[in-house]
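Remarks on the overall topology
Listed here are the chains, written in short residue letters.
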Amino acid sequence: MRGQRSIRRRRNARRDGGLIATVNVCETFVSIQGESTYAGLSCYFIRLAGCNLRCRYCDTTYAYVPGLDVPVPDLVAEFRASKAAIVEITGGEPLLQPGFRELAAALRDQGGKPVLVETNGSMDISAIPAGVIAIMDVKCPGSGVSEAMDPANIGRLRPQDEVKFVLSDRQDYEWAGDFVRRHNLPTRCHAVLFSPVFGKLPAKEVGQWILDDGLPVRVQVQLHKALGMK
Ligand code: SF4
């Protein structure tokens, strides 16, 4: 929670009291991006608090509870001060927060570095500003929440967006493969990612299944976990 402490210091120093958008933040930190085609790059993460789902494999349950209200300009300043190559808004579920659009647009407008938003697929992704990259989950049956997806989001995908399936088992793989084919998903977005649950389903098995079936998707390990990083 190193990042959270630094935000608190900044916030206490503010006295403007104006109409500045805030978001409720669980934590901020810098690490290696591990779950998209941007994997491997240094990334400033802003984890917003609160989630409307409860996936069986969730590894960020600590983000369910309220965090700290932080003004958007403070987060932009912390990103600028970091040496990170990209910035990612994650959660929880970022699109739940009224201040999300202001945050995403402000990060984009500070110039030059990709802005990623991880979303669980249950909220309308047209709320994501132009030029910001959605990494959208499609929840498989193994998540326990696959009914929560907003199916209209498939039609809202933009060329720069990426779609991620987190796979718990072979059943999830087959379900995801059917979904990819039915929606011709690789033509709708930049990349389709098949990400096995770390420590549960070996990535090598998923890779072999993709080879056997000739699926036009990418197998993806959670690189930050493979590196032993946050
Ligand atoms: S959507 Fe993400 S944060 Fe929410 S329960 Fe699922 S894995 Fe956890």
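Up top is the structure these notes are about.
A brief structural summary.

Rules behind the numbers
Residues numbered from 1 in each chain as written. Predicted model: local features only at pLDDT ≥ 70, side-chain atom pairs only at ≥ 80, totals over all residues. Pairing = 2+ DSSP bridges. Helix = DSSP H or I, 4+ residues; strand = E, 2+ residues; numbered from the N terminus. Contact = placed C-beta atoms within 7 Å. Axes fitted to C-alpha atoms, helices over the stretch in contact; angles between N-to-C directions. Near = placed C-beta within 6 Å. Nonpolar A, V, L, I, M, F, W, Y, C, P; charged D, E, K, R; others polar. Core = buried A, V, L, I, M, F, W, Y, C linked by C-beta atoms within 7 Å. Buried ≥ 20, exposed ≤ 12 C-beta atoms within 10 Å, placed from the backbone.

**As for the sheet that holds strand β2 (residues 42-48)**
- The nine strands are arranged β3-β1-β2-β4-β5-β6-β7-β8-β9 in an open sheet whose pairing can be described as mixed. Edge positions in the sheet fall to β3 (68-71) and β9 (218-219), since each has one partner strand and no second.
- Across the sheet, helix α3 (residues 100-109) lies against β1 (22-32), β4 (86-90) and β5 (115-119), angled at about 150° from β5, the strand it touches most.
- Seen against the sheet, helix α5 (residues 170-182) touches β7 (162-167) and β8 (191-196) and runs at an angle of roughly 155° to β7.

**Some remarks on the site of the ligand**
- Taken together, Cys 51, Leu 53, Arg 54, Cys 55, Cys 58, Thr 60, Ala 63, Gly 91, Gly 92, Glu 93 and Asn 120 form the complete shell of residues around the ligand.
- Classifying every residue of the shell around the ligand gives five nonpolar, four polar and two charged.

**Description of the nonpolar core**
- The biggest cluster of nonpolar side chains holds 47 residues, and the ones touching the most others in it are Leu 103, Ala 104, Val 117 and Leu 167.
- By residue number, the principal contributor to this core is β2, which donates five residues.
- When residues no more than four places from it in sequence are discounted, the contact partners of Leu 103 are Ala 21, Val 23, Val 72, Leu 75 and Ile 89.

**With respect to the environment of Phe 100**
- With respect to the helices, strands and loops of the structure, Phe 100 is situated in helix α3.
- Every residue in contact with Phe 100, bar those within four places of it in the chain, is listed here: Val 23, Pro 94, Leu 95 and Ala 127.

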